[in-house]
Amino acid sequence: MLNINNFPSSAVQPLLASLSSVGLMDVALRELGAKTDRFPAHYGSTWVDHLAWGVDSCFSAARLLFSGQAVGATVVLRSQFERWTENAAFNADVTHIEGESSADFAGRAWHECHKTYPFRMRRPDDTTGSEGRGHSIEGDWDNEPHADGTMGPPVNIGEDYRVYPTQILNLMSEFLHGRGPWVDAVQWEAGGLLDGDSRSIAKVAECLADAVTLIMRQIRLCLATLAEESDRNLMPDFLFSLPERMPAGGVNPPLEYLIPLVPTTGLSSDVLAEMDRVLAVYEATMKGKRPAGRLFRDDELTHLHFGARRARAAQCAVKALEMERRDLGDKFNIDAVSGREMSYITAAEMAGLLSVWQGSTPAGRAAATCSSLMRSAYWLWLEDDDRALGALRCLLEQCARMKVWATKPEKAEKLESSSSCTPKDWVNAAGWRRLTALNRALGEFAHAHAKIRWDGAREILWNIQRGGSDASIHTARGHALDALTSLLMVECIRSARVLSPAVGDAFEGIVDDLVGGPGKLESELEDFLNRTLSHKNHPLGEYSFQGPAASRR
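A quick note: this is a predicted structure, and the numbers were derived from the prediction, not measured.

Chemist: Could you give an account of the environment of Glu 349, with specific residues and numbers?
Modeler: If you trace the backbone, Glu 349 turns up in helix H12 (residues 335–358). Separated by 23 residues in sequence, Glu 349 and Ser 372 have C-alpha atoms that sit 9.3 Å apart.

Chemist: Mind laying out the environment of Asp 384, listing which residues take part and the relevant values?
Modeler: Its location among the elements puts Asp 384 in the loop between helix H13 (362–381) and helix H14 (387–407). On the accessibility criterion, Asp 384 (33% relative accessible area) is partly exposed. On a C-alpha basis, the gap between Asp 384 and His 42 in space is 8.8 Å, while along the polypeptide they are 342 residues apart.

Chemist: Can you tell me about the side chain of Ser 486, naming the residues and giving the values?
Modeler: Among the structural elements, Ser 486 can be located in helix H19 (residues 472–499). The exposure class of Ser 486 is buried, given its relative accessible area of 17%. Residues in contact with Ser 486, not counting those within four places in the same chain, are Leu 521 and Leu 525.

Chemist: I'd like to hear about helix H4 (residues 70–92), residue by residue, with values.
Modeler: An ideal rise of 1.5 Å per residue puts 33 Å on 23 residues; H4 measures up with 31 Å between its terminal C-alpha atoms. Of all the 23 residues making up H4, 22 are buried; the element is thus mostly covered by neighbouring parts of the structure. Immediately downstream of H4, the backbone of Asp 93 shows phi near 55°, a positive value.

Chemist: Quick one: what's the story with the packing of aromatic side chains, residue by residue and with numbers?
Modeler: Any aromatic ring pair is given by two values, namely how distant the centres are and how the planes are angled relative to each other. Considering all chains together, one arrives at 14 aromatic pairs under this definition. Note on Tyr 117 and Phe 240: the rings are 5.7 Å apart at their centroids and 85° apart in plane angle, and the pair reads as edge-to-face. Highlighted residues: Tyr 117 in the loop between helix H5 (102–113) and strand E1 (155–157) and Phe 240 in the loop between helix H9 (235–239) and helix H10 (269–286), separated in sequence by 123 residues. For Phe 240, a relative accessible area of 18% gives the class buried. When the ring of Tyr 257 is compared with that of Phe 306, the centres are 6.3 Å apart and the planes differ by 20°; the resulting orientation is stacked. Remark: Phe 306 occurs in helix H11 (residues 298–328) and Tyr 257 occurs in the loop between H9 and H10; sequence separation between them is 49 residues. We classify Tyr 257 as buried; its relative accessible area is 7%.

Chemist: I'd like a rundown of the environment of Ala 502, residues and numbers included.
Modeler: Counting through the fold element by element, Ala 502 comes out in helix H20 (residues 501–515). Taking the C-alpha atoms as reference points, Ala 502 and Arg 466, 36 residues apart in sequence, are found 34 Å from one another.

Chemist: Please give an account of the packing of helix H2 (residues 22–31) against helix H8 (residues 201–229) that cites residues and values.
Modeler: Two numbers describe how H2 lies on H8: the axes approach to 11 Å, and their chain directions differ by 35°. The interaxial crossing formed by H2 with H8 has left-handed handedness. Along its contact with H2, which presents Val 22, Met 25, Ala 28 and Leu 29, the element H8 presents Met 216, Ile 219, Arg 220 and Leu 223. Across the contact of H2 with H8, the residue classes tally to seven nonpolar, no polar and one charged.

Chemist: Tell me about unusual backbone geometry, residues and numbers included.
Modeler: Phi angles above zero are rare outside glycine, and Asp 231 is one such case at about 60°. In this fold, Asp 231 is placed in the loop between H8 and H9. In this structure, Asp 384 is a non-glycine residue whose phi angle is positive, near 55°.

Chemist: Go over helix H7 (residues 183–190) with me, naming the residues and quoting the values.
Modeler: Counting buried positions over the eight residues of H7 gives eight, a clear majority of the element. Of the positions making up H7, those classed as buried are Val 183, Asp 184, Ala 185, Val 186, Gln 187, Trp 188, Glu 189 and Ala 190. Looking at the buried positions of H7, the neighbouring elements they touch are H4, helix H6 (165–176), H8, H12 and H13.

Chemist: So, the nonpolar core: which residues are in play, and what are the values?
Modeler: Judged by nonpolar contacts, the single largest core of 169 residues is most densely connected at Phe 81, Leu 461 and Leu 488. Broken down by element, this core gets its largest block of residues, 18 residues, from H8. Once residues lying within four places of it in the same chain are set aside, the contact partners of Leu 488 are Ala 347, Ala 351, Cys 370, Met 374, Leu 395, Cys 399 and Met 402. By size, the runner-up hydrophobic cluster in this structure holds five residues, among which are Ala 89, Val 94, Phe 105 and Ile 137.

Chemist: Go over the pattern of salt bridges, please, and point to the residues and values.
Modeler: Throughout the structure, instances matching the rule amount to 37 salt bridges. Ionic pairing is found between Arg 220 and Glu 244, a salt bridge with its closest N-O pair at 3.9 Å. Within this pair, whereas Arg 220 is found in helix H8, its partner Glu 244 is found in the loop between H9 and H10, the two being separated by 24 residues in sequence. Of the two residues, Arg 220 and Glu 244, neither departs from the other in class, the shared state being buried. Of the charged contacts in the structure, one is a salt bridge between Arg 325 and Glu 322, with a shortest N-O distance of 3.6 Å. You can see Arg 325 and its partner Glu 322 sitting in helix H11, three residues apart, about one turn around the helix. Each of Asp 26, Arg 38, Asp 56, Arg 309 and Arg 312 takes part in salt bridges that share partners, so that together they form one network.

Chemist: Account for the confidence of the model for the chain, naming residues and giving values.
Modeler: Fine structural detail should not be taken from predicted coordinates in areas where pLDDT scores are low. Per-residue pLDDT for the chain averages 91, and the proportion of residues at 70 or more is 94%. Low pLDDT, under 50, characterises residues 120–132; the predicted model gives this stretch 38 contacts beyond four residues in sequence or across chains.

Chemist: Summarise the packing of helix H3 (residues 47–66) against H4; cite the residues concerned and give the values.
Modeler: Direction vectors running N to C along H3 and H4 enclose 155°, while the axes themselves pass 8 Å from each other. One way to sum up the angle between H3 and H4 is to call them roughly antiparallel. Considering how the two elements wind past one another, H3 and H4 form a crossing that is left-handed. When H3 is examined against H4, the residues Trp 47, His 50, Leu 51, Trp 53, Gly 54, Ser 57, Cys 58, Ser 60, Ala 61, Leu 64 and Leu 65 are found in contact with a partner set consisting of Ala 70, Gly 72, Ala 73, Val 76, Leu 77, Gln 80, Arg 83, Trp 84 and Asn 87.

Conventions and cut-offs
- Residues numbered from 1 in each chain as written.
- Predicted model: local features only at pLDDT ≥ 70, side-chain atom pairs only at ≥ 80, totals over all residues.
- Heavy atoms only, no water.
- Helix = DSSP H or I, 4+ residues; strand = E, 2+ residues; numbered from the N terminus.
- Buried < 20%, exposed > 50% of the residue type's maximum accessible area, 1.4 Å probe, protein only.
- Contact = heavy atoms within 4.5 Å.
- Expected span 1.5 Å × (residues − 1).
- Phe/Tyr/Trp six-rings, centres within 6.5 Å; stacked < 30°, edge-to-face > 60°.
- Axes fitted to C-alpha atoms, helices over the stretch in contact; angles between N-to-C directions.
- Left-handed = near helix turned anticlockwise from the far one by under 90°.
- Nonpolar A, V, L, I, M, F, W, Y, C, P; charged D, E, K, R; others polar.
- Core = buried A, V, L, I, M, F, W, Y, C linked by side-chain atoms within 4.5 Å.
- Salt bridge = Lys/Arg side-chain N within 4 Å of Asp/Glu carboxyl O.
- pLDDT = per-residue confidence, 0-100.
- Parallel < 35°, antiparallel > 145°, perpendicular 65-115°, else oblique.

Below is the structure:
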């Protein structure tokens, strides 16, 4: 946590630059009716709130990256990239070709939609509500093969910079599967504890900044079109009056903006007081005032917009705790979150140690990815963010990879060397067919496109909880997080024993003390596997969304 203060400026600068023109978008969002007290992680019930969610999501990803959690940042941005790829495809009338990869489809969609940027393309709403289907990504987490090195067609940013959407999506997908050229960045965080520099963290940041630039551009186009439809004819030119990327310095935002929202740190009284101050400055600035008595520099403004979003997240977390206090009455225990935090930290640190001992081997990379994803899933869960479940889906695959390397090294070698290996292959090889229902549910939350079925996936997560109750709807995310934490602990113990029986025993002793006695973790995990098996045929139901135009009605 202390090393976050020294995060490399080479990794901070590109992402801050891609966020630097957000002030114009914030003004437009407000004037077009976006709720200023909107729950940051919610995708919105209106079109303008949905656009605000897209902007906030870019800051959510930046917060994870600036905390060293590059793979968690990629979980958030990959889903956003899918969502706005479909919007670009719809507006450019680019349809998915049978057999075409998601990355190739994305390359065509962005290239066609942005040939003559800036522009405002308007298409009449399709009242059938099915307009998103032909323009939808065909994403299927379980069956994603290895990506190739195709760059695809370019998109011009400014006069002298090009980005390649196909390459961006391929790199993000490989990273989420614990492969590709960026894995060093995860081991630097999980095992190196962000000490010094990483060979690839700047490259990760540059690619994610390219993704943010495209996402923000597409949202800006949507805002301009919405402004025209609302007879705010001066707003489109206002939105395009600044460059898309401007230098905003390379200094990491303050630690108070980054730390997890738990009572002892991110929700402590001094941090909340700082958040209130930042939000007051932001509100004054948005009203055209000069709270500092002068104009802010670009880097100060970008940090201010970042801090204001973290302040809103903290406010929502405080409200959630107050609601829980009212619902539970005398049973409410503020220390419960801190108690659960210990399990998540322990699992993450066990995996991090394994990544040090195993080094730059496939097993070591899997352990490092698990360690980092554990942190991101926990931090996102604290903010009631469904993308915690997307992180858990990646975590499940890497846990399976750890188990196969520990128990079936020859099988693991074959899977690693096969370019057609999919996440499903690792889960099956680990002997976890009983987790089919969980795997399917989490897989839905790993994406954000027109063919996702979040509602049915959520039902699975409700139902696999022990006993079931009216409160299950509120505890499903946390239950999934706890289950995957137990699974990771078991696999860390197993992998440690391969290296050293004594270390494996030590790991097991730590876990036994944490969960309440020998054998309890394995017993509870076995019970969870059997409960999940009973829901293996639970249908996912209808698609949750209707496509770009329908969502605007």
